[in-house]
Amino acid sequence: MTWLLTAVAVVLFLGDAAAKTHPADADALRLLKAALDPASIAPGSCLSSWDFTAADPCDALSSGEQFTCGFRCDAGDPAGLARVTDISLEAAGYAGNLSPAVWTLPYLQTLDAADNQLSGSVPPPPLSLDLRQLRRIALSRNAFSGEIPLQMNDISGWFPDFSPLSSLTYLDASDNAISGRVLPAAALPPSLLKLSARNNSLQGPLPPDFTAGIPNLQVLDLSHNRLSGRVPAALFVHPALQQLNLAFNRFTSLESSPQWWRPAAASTSGLVAVDLGHNRLRGPLPLGWVRAMPRLASLTMEDNLLTGMIPRRSPAETPLSRLLLGGNYLYGPIPAPLMAVKEGEAAVSLVDNCLFQCPRSFFFCHGRNQKQTATCRDFNPSFRSSSLSLSLHPSHLHGRRSTREGIPGVQRA
Ligand SMILES: *[C@@H]1O[C@H](CO)[C@@H](O)[C@H](O)[C@H]1NC(C)=O
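The rules behind the values
Residues numbered from 1 in each chain as written. Predicted model: local features only at pLDDT ≥ 70, side-chain atom pairs only at ≥ 80, totals over all residues. Helix = DSSP H or I, 4+ residues; strand = E, 2+ residues; numbered from the N terminus. Buried ≥ 20, exposed ≤ 12 C-beta atoms within 10 Å, placed from the backbone. Contact = placed C-beta atoms within 7 Å. Pairing = 2+ DSSP bridges. Core = buried A, V, L, I, M, F, W, Y, C linked by C-beta atoms within 7 Å. Expected span 1.5 Å × (residues − 1). Arc of directions from axis to C-beta.

Caption draft 1: Region of the structure containing the overall build of the protein. The secondary structure content of the protein amounts to 7 helices and 25 strands. Put simply, the protein has 413 residues, and 40% of those count as buried. Restricting to contacts in the protein with at least 6 residues of sequence separation, those with at least 24 account for 67%.

Following this line, the structure appears as structure tokens:
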């Protein structure tokens, strides 16, 4: 078997080495290098070996001293010319712009320029080109900025129109300085499975139909931006979405949905993990919202402005392995099954709320104290007097008797 693999590898190797690069692909590589700041191309880096006067890129790739790395040519076209299939720049501090010539490589499958100093905007792919091979774009940890002006109207958006990339499954543009608004899904291809634009400067609301055109999306990370307004209800009925991270934004509420009042069995949500921590969400945590996510195992809502009681889940639902609700204004009884959870069975935190029955003896009350009574009352005029009176009688703080009516927020594993 090993012998066979070696033989196959040698054949591919020879095949590549023998082939000249398609002239258009060689041009694209040349333009890619030319758009970079020459001073940022250090001796010994992949791009320093790209010498177009000395060698043919794909031909030299596996043998010579030129074109040692940074790209691959794993395809040949009917004319016998080698085609560029992969551009993966190493983290070498390359600065300058990303050339739009990358969109002229019809066989390109991966574009990875993460961990460099690239700046300017992400160039728009020409609508006329067929980029059906391109599956993966990784541009994270650079200095890309927006906004991308859209020709048809006055608004500017976060990404250019990526819909021509009709096989794109993975797009990571996190840790850049991309600004502008998140636009409706028309600008993203329906093939997308994972989308991250974490830690940028995106602002404004998420359009309610933002995910309508990306029905296969499984992971969405837009945390650490400046998004505001309502969190779209569509995210919580999306059939494919499993992980949603919108933490560290400025959202103020959840858009309500008719689904909240349907039986949980009718839920279409596949969400397993939701992080809405460090926003400005107000009001009670809607019971129907939590129930409409029957597969949910991890819920983080830390450091918001939530009031009301800890929501109840039915025993039929997936047990939560993580429930982080610290740093809010929640009040009322702590559900009995939650009190029964032992440290290590689940990650739970209820610190820094208005839960005066959160005794020190329970691990999920450790760390930060509950808020002062006056703080709770000032923040929330409807703050329940029963909680207040309990807080005034220390003997009640140690009992479990008032927690019986609670239905589990978290169940034992
Ligand atoms: C955000 O990105 C910047 C670099 O662009 C980095 O220094 C910072 O640590 C990142 N912040 C987070 C929260 O990831």
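Caption draft 2: Spatial organisation of the sheet that holds strand 7 (residues 117-120). With parallel pairing, the 3 strands of this open sheet are ordered in space as 5-7-9. Edge positions in the open sheet fall to strand 5 (95-97) and strand 9 (143-144), since each of these has one partner strand only. Taken together, the 2 bridges between strand 7 and strand 9 define a ladder with parallel strand orientation. Each residue of the ladder has a partner; that of S119, found in strand 9, is A143.

Caption draft 3: Focus on the nonpolar core. By size, the foremost hydrophobic cluster in this structure holds 99 residues, and its most contacted members are V84, L246, L276, L330, L350 and L355. Sorting the residues of this core by element identifies helix 2 (23-34), helix 3 (57-61), strand 8 (136-138), strand 17 (226-231), strand 19 (250-254) and helix 4 (287-291) as the ones contributing at least two each. Apart from the residues lying within four places of it in its own chain, the contact partners of L330 are L306, T307, G308, M309, I310, L325, N353, C354 and L355.

Caption draft 4: Layout of the sheet that holds strand 14 (residues 194-196). Pairing is mixed in the open sheet, where 12 strands are placed in the order 1-4-6-8-12-14-16-18-20-22-24-25. Each having just a single partner strand, strand 1 (71-72) and strand 25 (347-349) make up the two edges of the open sheet. Sheet topology places strand 1 next to strand 4 (residues 86-88); 2 bridges connect them, and they run antiparallel. Each bridged residue has a counterpart across the sheet, and for F71 the counterpart in strand 4 is I87.

Caption draft 5: A look at the environment of T110. Structurally, the position occupied by T110 is in strand 6 (residues 110-112). For T110, a count of 17 C-beta atoms within 10 Å corresponds to the partly exposed category. Considered as a pair, T110 and I137 are 27 residues apart in the sequence and their alpha carbons are 6.1 Å apart. Not counting residues up to four positions away in its chain, the partners in contact with T110 are D86, S88, R135 and R136.

Caption draft 6: View of the pairing of strand 17. Summarising the sheet, strand 15 (residues 201-204) and strand 17 pair through 2 bridges and their orientation is parallel. Its bridge partner lying in strand 17, G204 is registered against L227. Judged from the 4 bridges that link them, strand 17 and strand 19 form a sheet pairing that is parallel. The residue bridging R230 from the neighbouring strand is S253, located in strand 19.

Caption draft 7: Structural view of helix 2. Between its first and last C-alpha atoms helix 2 spans 16 Å; for 12 residues at 1.5 Å apiece the expected length is 16 Å, and the two agree. For helix 2, the complete set of buried residues consists of D25, A28, L29, L32 and K33. Seen from one end, helix 2 has its buried residues packed into an arc of 135°, which puts them on one side. Against helix 3, strand 1 and strand 3 (82-83) lie the buried residues of helix 2.

The analysis is restricted to geometry; functional conclusions fall outside its scope.
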